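Working through the structure, step by step
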Amino acid sequence: MTEFEPGTEVVSRLPLPSHVIVHADGQWRPGWLIGREHEETGWIGLVQYEGDDGTERTERLPADRIALPQSHGPTERAS
């Protein structure tokens, strides 16, 4: 269990754009939900976030890798 609650409801109900936390490259990172699609397998969010190298990335991620940020909370999964 993470300190964030990812899922379909987050991706399907947030206004666009919205500040979110995304699970990418093995850790939770701050990002923006900028689009969404409902596919046969479920909701997919189009997100932007900064990678380890400082480059802005735009990716399509499944809803279970997108969560609402906690108020000023950590951005990495607890080990």
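Let's shift gears to the side chain of Arg29. Note on placement: Arg29 falls in strand 2 (residues 27–39). At a separation of 3.2 Å, a polar atom in the side chain of Arg29 contacts the main-chain carbonyl oxygen of Glu50.

The next point concerns the confidence of the model for the protein. Averaged over every residue, the pLDDT of the protein is 85; residues scoring 70 or more account for 82%. Note that residues 72–79 has pLDDT below 50 and, in this model, 15 contacts with residues that lie over four places away or in other chains.

Turning next to the environment of Arg29. Residue classification places Arg29 among the buried positions, given a relative accessible area of 5%. Residues Arg29 and Glu50, 21 residues apart in the sequence, show an inter-C-alpha distance of 7.8 Å. A polar contact of 3.2 Å, which involves the side chain of Arg29, links it to the backbone oxygen of Ala24.

Moving on, we get to the pattern of salt bridges. Counting across every chain of the model gives five salt bridges. With a shortest N-O distance of 3.2 Å, Arg60 and Glu37 are connected by a salt bridge. Linking Arg60 in strand 4 (residues 56–62) with Glu37 in strand 2, this pair joins segments that are 23 residues apart in sequence. Exposure remark for Glu37: the relative accessible area of 42% places this residue in the partly exposed category. Judged by relative accessible area, which is 47%, Arg60 ranks as partly exposed. What emerges from the salt-bridge pattern is a single network uniting Asp25, Arg29, Asp52 and Arg57.

Time to look at the sheet that holds strand 2. On the basis of which strands lie adjacent, the open sheet formed by five strands has the order 4-3-2-1-5 and antiparallel pairing. The outermost strands of the open sheet, each flanked by one partner alone, are strand 4 and strand 5 (66–67). Strand direction decides the pairing type here: strand 1 (residues 18–24) and strand 5, joined by two bridges, are antiparallel. Bridged to Ile21 within strand 5 is Ala67.

To continue, consider the nonpolar core. Within the largest apolar cluster, 12 residues are counted, these being Val10, Val11, Leu14, Val20, Val22, Ala24, Leu33, Val47, Tyr49, Leu61, Ala63 and Ile66. Of all the secondary structure elements, the ones that give two or more residues to this core are helix 1 (8–13), strand 1 and strand 3 (42–50). Among the elements that make up this core, the one with the highest residue count is strand 1 (three residues). Not counting residues within four places of it along the chain, the set of residues in contact with Ala63 comprises Pro6, Gly7, Thr8, Val11 and Trp43.

What counts, and at which threshold
- Residues numbered from 1 in each chain as written.
- Predicted model: local features only at pLDDT ≥ 70, side-chain atom pairs only at ≥ 80, totals over all residues.
- Heavy atoms only, no water.
- Helix = DSSP H or I, 4+ residues; strand = E, 2+ residues; numbered from the N terminus.
- Polar contact = N/O pair within 3.5 Å; in protein donor to acceptor, adjacent residues only side chain to side chain.
- pLDDT = per-residue confidence, 0-100.
- Contact = heavy atoms within 4.5 Å.
- Buried < 20%, exposed > 50% of the residue type's maximum accessible area, 1.4 Å probe, protein only.
- Salt bridge = Lys/Arg side-chain N within 4 Å of Asp/Glu carboxyl O.
- Pairing = 2+ DSSP bridges.
- Core = buried A, V, L, I, M, F, W, Y, C linked by side-chain atoms within 4.5 Å.

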